[in-house]
Amino acid sequence: MTTSRLLVVTALLAACLAATSRAQLNGVYLIDNTVPTGGGVYNTFVAAAADLVAQGVNGPVLFLVQQGSGPYGGFSIAAPIAGASAVNTIEFLADFGQTPVLNTPPVTVPVTLQTIRLGSAVTLSSGPQWIRLTGLTVTGAPTGAGIMAVGLEISRHCWMTR
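Colleague: Looking at this structure, I do not really get the nonpolar core. What am I missing?
Modeller: Grouped burial of nonpolar side chains is what soluble globular proteins tend to show. Within the largest apolar cluster, 22 residues are counted, with the highest numbers of intra-cluster contacts made by Ile31, Phe45, Leu52, Phe63, Ile90 and Phe92. Going through the elements one at a time, strand E1 (25-31), helix H2 (45-55), strand E3 (57-65), strand E5 (75-77), strand E6 (90-94) and strand E9 (131-134) are the ones with two or more residues in this core. Not counting residues up to four positions away in its chain, the partners in contact with Phe63 are Leu25, Tyr29, Ile31, Tyr42, Ala48, Leu52, Ile90, Glu91, Phe92 and Leu93.

Structure, rendered in structure tokens:
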């Protein structure tokens, strides 16, 4: 293969890879179950958590949570979130004047009995960190534990405040 063809193939491959990769999260996003997911808005906590795990963060991330059309389902984050740190924190915050409620466990495999679960038995020392939950009402967990944080590092670097 000639040098010019190799350069063209390399450039095309790089363009294809760049087009399919998604940027890390950074900034303010909205969770509102009255609108579809897209353009910085998430319809569910599950969709927001999935993007956190898949894309990671490269700056502080704030999810402003709207009351929506009724209670939200819960969510689970088992794995670490790439880029999360003491500087690049992740917060789920009830938006001003809003009283969002999470009232059912997420539908996951294996089954999660808590409404919100951070970490798992598999990720005891390497689960998600630097997460803050603020102003959310959490109910409906069949085990009695509405929020479960599993693992030593999680308990040191995750906060829940009302």
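Colleague: Quick question: what am I supposed to make of the packing of aromatic side chains here?
Modeller: In this description, a pair of aromatic rings is defined by centroid distance and the angle of the planes. Per the stated rule, a full pass over the model turns up eight aromatic pairs. Note on Phe45 and Phe75: the rings are 5.3 Å apart at their centroids and 10° apart in plane angle, and the pair reads as stacked. A residue pair is termed long-range when its members are at least 10 positions apart, and Phe45 in helix H2 and Phe75 in strand E5 qualify at 30 residues. Where Phe75 meets Phe92, the ring centres are 5.2 Å apart and the plane angle is 35°; that geometry is what we call tilted. Highlighted residues: Phe75 in strand E5 and Phe92 in strand E6, separated in sequence by 17 residues. Each member of the pair, Phe75 as well as Phe92, is classed as buried. Members of the aromatic cluster, each reached through a chain of ring pairs, are Tyr29, Tyr42, Phe45, Phe63, Tyr72, Phe75 and Phe92.

Colleague: Which parts of the structure should I look at to understand the sheet that holds strand E10 (residues 137-138)?
Modeller: To summarise the sheet geometry, strands pair through backbone hydrogen bonds and adopt either a parallel or an antiparallel arrangement. Pairing in this open sheet of three strands is parallel, and the strands run E4-E7-E10 from one edge to the other. The open sheet is flanked by strand E4 (72-73) and E10, the only strands paired with a single partner. Where E4 lies against strand E7 (residues 101-104), two bridges are found, and the strand directions are parallel. Paired with Gly73 across the two strands is Thr104, which belongs to E7.

Calculation notes
Residues numbered from 1 in each chain as written. Predicted model: local features only at pLDDT ≥ 70, side-chain atom pairs only at ≥ 80, totals over all residues. Heavy atoms only, no water. Core = buried A, V, L, I, M, F, W, Y, C linked by side-chain atoms within 4.5 Å. Buried < 20%, exposed > 50% of the residue type's maximum accessible area, 1.4 Å probe, protein only. Helix = DSSP H or I, 4+ residues; strand = E, 2+ residues; numbered from the N terminus. Contact = heavy atoms within 4.5 Å. Phe/Tyr/Trp six-rings, centres within 6.5 Å; stacked < 30°, edge-to-face > 60°. Pairing = 2+ DSSP bridges.

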